[in-house]
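Next come the chains, spelled out residue by residue.
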Amino acid sequence: MQDEALVFENQSLSSTPATHVFIVGVGRYDFGRDKNETLIAGDLAQLSSPAESARAIANWFLTEFDNPDCPLGSLSFCLSEESAQGYTPPGSGPPLTLPEADIAAIKKAAGHWANRLQSHDENMAVFYFCGHGVSLGQKAALLLSDFGSSTDGYDGAIEFDKLRGTLKNATADRQLFLLDCCRTRADGLYRNEPDIGSRILSIPPGSRRHGDVARQCILFPTIEGEMAFGQQNRPSVFATSFLDAVRFAAPEDQTGPWIATTSLILNAVDRLIEYRLPAEMRSKTVPNALEATNFEFNQIDPPTSTKSFITLSDPSAWPDAELDCLAVNGGGPAQSKRADQSDEMACCVFDLPPGEWEFSATLNPQPPHAAPVKRTLARPVTYVRLDVLP
Amino acid sequence: MTGLQLKLVQPLAEGRLEVGAVAELRLLLGADGQQVRPMWHETRPVAVWGSDSPEYEGADFTQFDLPSGGRYGITIRLPRGGDIEREVDIVPGVTRSEIIDLPVSPHEYLGWQQFSGVVRNDPNRRVRNVPEPAGGTFDQLVSIKALNSVYEHEADLFNRRGDIPAVFSSELPVAGDAWQLFSDTIDETAPPVITDWQNPIFDEEYCLWTPTMPNEEDGWNLVQALRGDQLPDDVQQRFPRWMLFDRQGQRDLVSVPWGWWGMVLPQPSEGIRLLYDRANPSPINREQPGRTVVSVQDRRWGGLLEFVASGRLEEAGELAPDVFGRESPEDALYGKSKGPLSAVLGGLVLVSTSRDPGLQHWDQWLENLANWFPALPDGAVLLGFRLLQLGQYDEGRARLEEGLNRGIPYFAATFRMLTLGFSQLEDDAALKHISRLTTRVDPSQPFTVIRLSGSN
C-alpha cells in the first residue's frame, strides 16, 4: 500500500544507513474552540504556528540537513490546518497534498515510517510533532486533529510513552523526538481520564536485529500558553530555536568538522528558548529533556559570524529598552537596537564579528539601570543577560 | 604551570557538595589574542561549598590544567536554571584562582534549595506588570498581554497561599495492593497519624522541616526492612515510609527516604529536608498554590540527585564517575557506605546512560540489588528495565511485574522505567494498571511525591 504521507524518498539508500523523518503538524482541531466543540476538546484553541513550524522543519531537512554517514533517506508529513495548502518541497512544482493529521492517517503513516526504519541497523529516526500537547505527572499525549470526537473521545492522540517504548524495539539505532507542544490548561483532562491517546504503531519486542541499546533523545520544552508557544502564522519558538541550534548554535569543531550532537542541540535549544521567552512563560518544574542520549546529528560549514542574543534579567524593563553593542579595540562598528524593533519577545539578536564587545542597555524610565557586560565573541553564538539593578 | 583553580560558593548554606555542579572551560583567545581552532575545552564536575561552613575558606579549589595562557570562558551549569558565565584572562605559567558566588537566596535558611533551583530567586511578592509600549506592534502587545496574564496568575496564587500544612504519617496497603488503591480512584489511605514534629522554619513563602535523622541502629533496622524484615514499631513511628502534607484538603503523599544513609551517620550539615512551597503550584495542579519538595542534603550524592530529578541527564552522566569514585553504588549495596537507596540512584544513572551492548561489570550487583532487598520495588524495576536493554524480554517482564508487586517505588524515575518497560513490551494492561498513579507523581523531584485528589 502506498504511503500517502511520503514527500521525499531516496531509494538508493534503502540498504545503507539513512535518516527517516516523520513530521506531524496539527493546527486545526475539529472539536476544539470555534469548531464542533465537545466537552473533551472544546477548550483547545486553533493554532496557526504548527503548519508554519512543520513546513520550516521539513524544508530544513530537505535542503540543509547534512549527515554524510546517515543522509536523508525519507521524509513523511501529515498536516491539519485551517485551510489545507499542501506542501511544496523547495525547488519543486505544485504543492503536494498531505494526509490529515488524524488518528487513522497517522497510524498508516507511522506504519510505513516504521517499515523504513527497519531497513538498516544504523538508521536514524526523527519524529517531529507540533500542536497541542497534554502532560500530567509522568504521562504525555500529543493531540491530533480529531481529538475529542464524540465517538472516539480520548483516542485521537498519540500516547507518547507507548510510541517511545515501542520504538525501542525498532532496528534504527538512533532516535530523536522533537515535541513542539503548546501546553494549556488541557492538562486537566488527565484528571478525568488517565489514559489519553492511542498506540500508533506496533513493533514487537525481539524485532531489533542487533544487541545495541536504542539511543533515544527527547526534547520536550514546557512552554505555557498559546502566545508563548508561537505567534500568529509564524514558526513556534521551539521550531525556531531548533533550527537556530542545528544551523549555528549547537555545532562544535572538536573533531575537525563542525558537528552538532543531540546533547549540544539540547543545550542550545534550552538556551535559545531561555533567551526568547521570559522565565515565567517556561515551566520551571517539569524537566525539559525526558531522556538525553548523545549521538551525532548533523554538520555545517564553518561559520563566519557570531550571533549574539542579548536580554535583560527583568522582563518588565524590556519593552522600552534600547540595547547597544560596542566593539572594544575597534573590532567593528557599534550596533544598536530597540526592543520593539526585535522579532523576538524577550531578546535582541545581533550579527557581530569576532572580538571583544561591550553590551549595555538604556532603560526607560530610569532607574532601574542595566549593568554593562564585556564578552569575547569566539563562537558562533553568544548569550548575554544584562542584570537590571535598582 | 598554567592553570585555573575554581571554587563555587553557595551563600547562606552549611556543608558542601563534593560533586555539585558542572563547569566547562573554553579557550576563547590564545595568549596572542587570536582564536585557536579547534577551540580547546574541558568539562568537569566541581564542588560547591556553603559559605557558612567553617572549613569553606580553606577548602580545596578544583584545579584545571590549561594548554596555554589566554582568555577563557567559564560556564557553570547548575541542576536548574540558567548557566553562569564568566571570562578570565590567564597569564602563561601562572595558576589563577577564581571564586564564583552562586545566587543568594532571599530566604536565609534555604541556601541549598537555592542552589538546586527549587526556590525562586526573587521574592514572589514583588508586584510585576509589563507596560505596553506606545509604538508596539500587534504581536508585541499580544506577547506583553500574555506575560502580564502569567504575572496575574502568579500573584493570584501568592495571594491564595495557605497556612503551614499539617503533617501526618501515613500508610498504604502493602506491596502491590497499593497500585490497586489508585486504580480504583480511591484516595483514602489508612487514617493518617499527626506527627509531633518540631515547628518548621517558615516565612510567608516557605516552610522547611529538618527532621531528626536515624541513628546507626535505626539505619540498620531501616535497611533490614528493605530486606523484608519487620520494622520495629518505634522505628516505624519515628520514620514512617509515607508522610502526608495536608493544607486545607490539598494533600501530598511523600515517600521519605529515611534509609538513605543506611548504617552510616550523616554529617551535621547533611540530612533529609522537607520543604513546603506555599505559593507555587505543583506540576500536578498548576491552578492551586502549594507543593511539597523532598530533598536529601548529601555531600556526595546531593548534586547527582538534583541533576537526575531536573532531567539534566547529560550533566548527571558527567557527575556520576566522580560520585561513584568516592562512594560506589556497589559499596552501598554491600552496606560499606550508605544504604541501598543510593545504590538504586547509581543504578538509575548507569542504566539510563548505558550504550555498550552486552553485560557490564555492574550488571551482577544490579541483580543482587533486586534479590537482596525484596521490599524495595525500585531494585526489581531497575533490573527489569536493564534486562529489556539486553534483549531478555521474558526475564525483563518478570522483573518489572515483580517490581510492581512490591509496591510503590521510592524514586520518581522508577515510574518512568515501569512505563517505558511495559510500553516496550506492548503490555497495555499493565500500563493501564499504573496509569492513574503515574499522572499524579511529581516528575521534577528525585523521590516519589504523589498529589492526591480532593484538592480544592
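Computed from a predicted structure; not experimentally measured.

Draft legend 1. The overall build of chain A, seen in detail. Scanning chain A for helices and strands turns up 7 helices and 20 strands. In terms of C-alpha radius of gyration, chain A reaches 22 Å, essentially the compact-globule figure of 21 Å for 390 residues. For chain A, the spread of C-alpha atoms along the principal axes amounts to about 65 × 50 × 40 Å. Counting over 390 residues, chain A shows a buried share of 64%. Across chain A, contacts joining residues at least 24 apart in sequence account for 75% of those joining residues at least 6 apart.

Draft legend 2. Expanded view of the overall build of chain B. Check the secondary structure of chain B and you find 14 helices and 16 strands. Its C-alpha radius of gyration of 24 Å places chain B within 12% of the 23 Å reference for a compact globule of 456 residues. With the principal axes as the frame, chain B shows a C-alpha extent of 70 × 60 × 45 Å. Within chain B, the fraction of its 456 residues that count as buried is 62%. For chain B, restricting intrachain contacts to residue pairs at least 6 apart in sequence, the fraction spanning at least 24 positions comes to 70%. Surface summary for chain B: the accessible area is close to 17100 Å², and the carbon and sulfur share equals 49%. Counting 42 positive and 65 negative side-chain charges, chain B places the averaged centre of each group 3 Å from the other.

Draft legend 3. Fine view of the domain arrangement of chain B. Residues and elements named next belong to chain B. Domain annotation of chain B identifies domain 1 (3–104), domain 2 (116–159) and domain 3 (166–451). Taken over C-alpha atoms, the centre of domain 1 sits 33 Å from the centre of domain 3. Listed per partner, the contact involves 16 residues of domain 1 and 20 residues of domain 3. Carbon and sulfur atoms make up 52% of the surface buried where domain 1 meets domain 3, a total of about 1600 Å² over both sides. Together, Glu18, Val19 and Arg80 form the three largest contributors to the area buried by domain 1 at its contact with domain 3, with a combined 37%.

Draft legend 4. Region of interest: the interface of chain A and chain B. Every contact between the two is made by 75 residues of chain A and, on the other side, 70 residues of chain B. Per-residue buried area on chain A facing chain B is highest for A:Gln138, A:Val213 and A:Glu280; these three make up 11% of the total on that side. Our count for the contact surface shared by chain A and chain B stands at 12 salt bridges. The salt bridge involving A:Glu356 is made with B:Arg71; its shortest N-O contact spans 3.2 Å. Of all the secondary-structure elements, those providing two or more residues to the side of chain A that touches chain B are helix H3 (160–167), helix H4 (189–192), helix H7 (262–276), strand S10 (291–292) and strand S18 (373–377) of chain A. Of the residues contributing to the side of chain A that touches chain B, the split by class is 25 nonpolar, 21 polar and 29 charged.

Draft legend 5. Representation of the pattern of salt bridges. Evaluation of the coordinates by the stated rule reveals 56 salt bridges over all chains. In this structure, the salt-bridge partner of A:Glu81 is A:Arg55, at a minimum N-O distance of 2.5 Å. Highlighted residues: A:Glu81 in the loop between strand S3 (72–80) and helix H2 (103–117) and A:Arg55 in helix H1 (residues 49–63), separated in sequence by 26 residues. An identical accessibility class is assigned to A:Glu81 and A:Arg55; each is buried. As a salt-bridge pair, A:Arg271 and B:Asp83 come within 3.1 Å of each other at their nearest N and O atoms. Pair noted here: A:Arg271 is in helix H7 and B:Asp83 is in the loop between strand S5 (70–77) and strand S6 (84–90), and the two residues belong to different chains. With relative accessibility at 8%, the residue A:Arg271 sits in the buried group. We classify B:Asp83 as buried; its relative accessible area is 17%.

Draft legend 6. Just the environment of B:Ile284, in detail. Tracing the backbone shows B:Ile284 in the loop between strand S14 (271–277) and strand S15 (291–297). In this structure B:Ile284 comes out as buried when scored by relative accessible area, which is 4%. In sequence terms B:Ile284 and B:Gly111 are 173 residues apart; their C-alpha atoms lie 26 Å from each other. Apart from the residues within four sequence positions on either side, B:Ile284 is in contact with A:Leu136, A:Gly137, A:Arg191, B:Thr439, B:Arg440, B:Val441, B:Asp442, B:Pro443 and B:Arg451.

Draft legend 7. The arrangement of helix H13 (residues 412–424) of chain B in detail. Residues and elements named next belong to chain B. With 13 residues, H13 extends 19 Å between its outermost C-alpha atoms, agreeing within 8% with the 18 Å of an ideal straight helix rising 1.5 Å per residue. Of all 13 residues in H13, 12 are buried; the element is thus mostly enclosed. Two residues or fewer past H13, Glu426 is found with a positive phi of approximately 55 degrees.

The rules we used
Residues numbered from 1 in each chain as written. Chains lettered and ligands numbered in written order. Predicted model: local features only at pLDDT ≥ 70, side-chain atom pairs only at ≥ 80, totals over all residues. Heavy atoms only, no water. Helix = DSSP H or I, 4+ residues; strand = E, 2+ residues; numbered from the N terminus. Rg over C-alpha atoms; globule rule 2.2 N^0.38 Å. Buried < 20%, exposed > 50% of the residue type's maximum accessible area, 1.4 Å probe, protein only. Contact = heavy atoms within 4.5 Å. Areas by Shrake-Rupley, 256 points an atom, 1.4 Å probe, with all protein chains shown as cover. Lys, Arg positive; Asp, Glu negative; His and termini not counted. Charge placed at Lys NZ, Arg CZ, Asp CG, Glu CD. Domains from an automatic or database assignment. Buried area = accessible area lost by both parts, 1.4 Å probe. Salt bridge = Lys/Arg side-chain N within 4 Å of Asp/Glu carboxyl O. Nonpolar A, V, L, I, M, F, W, Y, C, P; charged D, E, K, R; others polar. Expected span 1.5 Å × (residues − 1).

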